[in-house]
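Next come the chains, spelled out residue by residue.
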Amino acid sequence: MRTRQSGRRREQRATLFWLLVLVLAAGGGLWYAYGRPEAPPAATATASPSPPARRAGPPAGAQPVRVDFPLDGDSLQVTADQPGPVIDVTDPVQLRLLGIDAPELHGADGSPQCWADAARAELHRLAPNGARLWLLPDAQRLDPYGRRLVYAWTADGRFLNGELAALGAVRELAIRPNLAHQPELHDAVEQARVQRRGLWGSCVGR
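Residues numbered from 1 in each chain as written. Predicted model: local features only at pLDDT ≥ 70, side-chain atom pairs only at ≥ 80, totals over all residues. Heavy atoms only, no water.

**Quick look at the sheet that holds strand E2 (residues 75–79)**
Across a sheet, paired strands are connected by hydrogen bonds in the backbone, their directions being either parallel or antiparallel.
Here's step 1: Pairing is mixed in the closed barrel, where five strands are placed in the order E1-E2-E3-E6-E5. Strand-to-strand twist of the sheet, defined as the mean angle between neighbouring strand axes without regard to direction, takes the value 60 degrees.
Here's step 2: Here strand E3 (residues 93–97) runs beside strand E6 (residues 148–154); their pairing, made up of three bridges, is parallel. By the bridge assignment, arginine 96 is partnered in E6 with leucine 149.
Here's step 3: Packed on one face of the sheet, helix H2 (residues 116–126) meets strand E1 (63–70), E2, E3 and E6 and runs near 135 degrees to E1. (Pairing = 2+ DSSP bridges. Helix = DSSP H or I, 4+ residues; strand = E, 2+ residues; numbered from the N terminus. Axes fitted to C-alpha atoms, helices over the stretch in contact; angles between N-to-C directions. Contact = heavy atoms within 4.5 Å.)

**What about the pattern of salt bridges?**
Here's step 1: Following the criterion strictly, the structure yields ten salt bridges and no others.
Here's step 2: Among the salt bridges present, the one from glutamate 122 reaches arginine 125, with a minimum N-O distance of 2.9 Å. Of the two residues, glutamate 122 and arginine 125 both sit in helix H2, three residues apart, roughly one turn of that helix.
Here's step 3: The class for arginine 125 is partly exposed, based on a relative accessible area of 49%.
Here's step 4: A cluster of three or more residues bridged by salt bridges with shared partners is formed by Arg66, Asp81 and Arg132. (Salt bridge = Lys/Arg side-chain N within 4 Å of Asp/Glu carboxyl O. Buried < 20%, exposed > 50% of the residue type's maximum accessible area, 1.4 Å probe, protein only.)

**Some thoughts on unusual backbone geometry**
With the exception of glycine, most residues fall at negative phi, and the peptide bonds are largely trans.
Here's step 1: Residue arginine 176 is joined to proline 177 through a cis peptide bond whose omega torsion reads 5 degrees.
Here's step 2: Tracing the backbone shows proline 177 in the loop between strand E7 (171–172) and helix H4 (182–194).
Here's step 3: A positive phi angle is found at arginine 196, which is not glycine, with a value near 55 degrees.
Here's step 4: Turning to its location among the elements, arginine 196 is positioned in the loop between H4 and helix H5 (199–202).
Here's step 5: With relative accessibility at 52%, the residue arginine 196 sits in the exposed group.

**Focus on the pairing of E1**
Here's step 1: Sheet analysis places E1 next to strand E5 (residues 132–136), joined by four bridges and oriented antiparallel. Note on E5: the bridge partner recorded for glutamine 63 is leucine 135.

**What to know about the side chain of serine 75**
Here's step 1: Assignment of secondary structure puts serine 75 in strand E2.
Here's step 2: Side-chain polar atoms of serine 75 contact the side chain of aspartate 72, separated by 2.6 Å. (Polar contact = N/O pair within 3.5 Å; in protein donor to acceptor, adjacent residues only side chain to side chain.)

**Some remarks on the packing of aromatic side chains**
For any pair of aromatic rings, geometry is given as the distance between the ring centres together with the angle between the planes.
Here's step 1: Summed over all chains, the structure comprises two aromatic pairs.
Here's step 2: For the pair tyrosine 151 and phenylalanine 159, a centre-to-centre distance of 6.1 Å together with 50 degrees between the ring planes defines the contact as tilted. Each member of the pair, tyrosine 151 together with phenylalanine 159, is buried.
Here's step 3: Between the aromatic rings of tryptophan 153 and phenylalanine 159, the centroid separation amounts to 5.1 Å while the plane-to-plane angle is 25 degrees, which identifies the pairing as stacked.
Here's step 4: Residue class for tryptophan 153 comes out buried when judged on its relative accessible area of 4%. (Phe/Tyr/Trp six-rings, centres within 6.5 Å; stacked < 30°, edge-to-face > 60°.)

If you want it as structure tokens, here you go:
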């Protein structure tokens, strides 16, 4: 009799042991599924800053002038309404756009170089007769021909020298000490050359 009772106690203890094991296992599973701390979110790459927006208008301190007409792909005649820091007269004057060089309308043989007419047409499109430009100088004010050396912006803030470079209408012309915008102009010319825009697609080797 005592042996059977001892056997039943052992069976009860074993049953309780395995029930306890099952309860602990179930509790551990529930904790793993719902109660464990959340892992920290994976690091994400920092978003690249968006490119600067195009200038909403001409730069501060620039002098306004009225376009009379283009002379070629990188020079034009303008008139100032009143004397200013770039043009100190109200008579018509000639401008030479800095940092760029358009093909000549009158080459060594007297005929237009490749893309010369197209370059002048692009300048005329960007700065038509009667339009307003805003001008800033660099270190030198005049070239050997008496033209004002300038950077120019349109009324909506487009950098005229850079627009011509990006279109492939001109080559780069970096002459010290007038290098204020040369990195920008260099990059625009190189991109046009690589993409074979304008003269880079039509005049290479000519």
